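Remarks on the overall topology
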Amino acid sequence: MTKPRSSLFLQWFLAFANCGAVVVVFMIWLDRPVADRVNAMMRQTPLFDWTARVLGSLHVVLVTAVLILLWWIVQYLRDRPLGTWASTPLLCSSSVVGTLAVAVWLKLLIGRSQVYPPWIERREYGFTPLHGVNGYGAFPSATMAATVAILAVIWSHVPRRRPLCILVGALA
């Protein structure tokens, strides 16, 4: 027996409201205090500089993913079969490209202000929907989205690497 639509809508609405409440609570009591603490403790340290350089070079992941997809297209057009080894990198690449495309659209749609410089320098924090440029594209994290896309493929296709997925996911 199926549930009536009004019951399903109520469940969805309650889940949506709970999610919104959790986001507000995290923004107030976790997000901004953590940003202040990290800024106070980590700024101008070698670890902070190294992390900024690593995160700044992640465009290489997108370029690599696109190149793998282009390689697959060329192989497909030449009627060359792919080896079984190619399925995981191809799925990782398509997952990253699709995930980053969605993340960019969500950044534009949500428009959350970034931590630096708005919050750290001027204590400005907010959401400006449909304005996800010039300091208003902090959410969702495209870095985390790409990481989770790759980890999800590895988790499902290479089960012996699940402990590594857990470790990378926890560090990310």
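So, here's what we can say about the structure. All values derive from a computational prediction rather than experimental measurement. (Residues numbered from 1 in each chain as written. Predicted model: local features only at pLDDT ≥ 70, side-chain atom pairs only at ≥ 80, totals over all residues. Heavy atoms only, no water.)

**Here we look at the overall build of the protein**
Along the protein, the regular secondary structure elements total seven helices and zero strands. Secondary structure elements of the protein, listed N to C terminal, follow the sequence α-α-α-α-α-α-α. A globule of 172 residues ought to have a C-alpha radius of gyration of about 16 Å, yet the protein, at 20 Å, is considerably larger. Seen through its principal axes, the protein has C-alpha atoms that stretch 60 × 55 × 35 Å. For the protein, the residues scored as buried account for 17% of the 172 residues in total. Looking at the protein, you have 15 positive and 6 negative side-chain charges, and the mean spots of the two groups are 12 Å apart. (Helix = DSSP H or I, 4+ residues; strand = E, 2+ residues; numbered from the N terminus. Rg over C-alpha atoms; globule rule 2.2 N^0.38 Å. Buried < 20%, exposed > 50% of the residue type's maximum accessible area, 1.4 Å probe, protein only. Lys, Arg positive; Asp, Glu negative; His and termini not counted. Charge placed at Lys NZ, Arg CZ, Asp CG, Glu CD.)

**Here we look at the state of the cysteines**
Applying the stated criterion to the full structure yields zero disulfides. In this model Cys92 remains outside any disulfide bridge; the closest cysteine sulfur is found in Cys165, 9.0 Å from its own. By relative accessible area, which is 12% here, Cys92 ends up buried. (Disulfide = S-S within 2.5 Å.)

**Describing the pattern of salt bridges**
Counted under the stated rule, the structure contains one salt bridge. Among the ionic pairs, Arg112 bridges to Asp31, the shortest N-O distance being 2.5 Å. Of this pair, Arg112 sits in the loop between helix 4 (87-110) and helix 5 (115-122) while Asp31 sits in helix 1 (residues 5-42), and the two are 81 residues apart along the sequence. (Salt bridge = Lys/Arg side-chain N within 4 Å of Asp/Glu carboxyl O.)

**Description of the packing of helix 1 against helix 5**
Contact geometry for helix 1 and helix 5: axes closest at 11 Å, N-to-C directions at 85°. Our classification of the angle between helix 1 and helix 5 gives roughly perpendicular. Within the contact between the two elements, helix 1 uses Arg32, Ala35, Asp36 and Asn39 and helix 5 uses Val115, Trp119 and Ile120. (Axes fitted to C-alpha atoms, helices over the stretch in contact; angles between N-to-C directions. Parallel < 35°, antiparallel > 145°, perpendicular 65-115°, else oblique. Contact = heavy atoms within 4.5 Å.)

**A short note on the packing of helix 3 (residues 59-77) against helix 4**
In the contact formed by helix 3 and helix 4, the axes pass within 9 Å of each other and the chain directions differ by 125°. When the axes of helix 3 and helix 4 are compared, the pair comes out oblique. Here helix 3 and helix 4 pass one another in a crossing that is left-handed. Touching Val61, Leu62, Ala65, Val66, Ile68, Leu69 and Trp72 of helix 3 are Pro89, Leu90, Ser93, Ser94, Val96, Val97 and Leu100, all from helix 4. Of the residues belonging to the contact of helix 3 with helix 4, the class tally is twelve nonpolar, two polar and no charged. (Left-handed = near helix turned anticlockwise from the far one by under 90°. Nonpolar A, V, L, I, M, F, W, Y, C, P; charged D, E, K, R; others polar.)

**Some thoughts on the environment of Ser94**
Note on placement: Ser94 falls in helix 4. On the basis of relative accessibility, which here comes to 33%, the residue Ser94 falls in the partly exposed class. Sequence-wise, Ser94 and Val66 are 28 residues apart; in three dimensions their C-alpha atoms are separated by 8.1 Å.

**Quick notes on a nonpolar patch on the surface**
There is a patch of nonpolar side chains on the surface, built from Leu62, Val63, Val66, Leu67, Leu70, Trp71, Trp72, Ile73, Tyr76, Leu77, Leu82 and Trp85 and spanning about 1,200 Å² of accessible area. Within the element layout of this structure, Leu82 appears in the loop between helix 3 and helix 4. (Patch = residues over 30% accessible without salt bridge, like charges linked within 9 Å, V, L, I, M, F, W, Y side chains within 5 Å. Areas by Shrake-Rupley, 256 points an atom, 1.4 Å probe, with all protein chains shown as cover.)

**Focus on the packing of aromatic side chains**
For the coordinates displayed, the defined rule picks out five aromatic pairs. Between Trp71 and Trp85 the ring centres are 5.9 Å apart and the planes differ by 40°, which places this aromatic pair in the tilted class. Note that Trp71 is positioned in helix 3 and Trp85 in the loop between helix 3 and helix 4, a separation of 14 residues in sequence. Here Trp71 falls in the partly exposed class, since its relative accessible area comes to 34%. Measuring from centroid to centroid gives 5.6 Å for Trp72 and Tyr76, while their planes differ by 25°, and the two rings are stacked. In this pair, Trp72 and Tyr76 both sit in helix 3, four residues apart, roughly one turn of the helix. (Phe/Tyr/Trp six-rings, centres within 6.5 Å; stacked < 30°, edge-to-face > 60°.)

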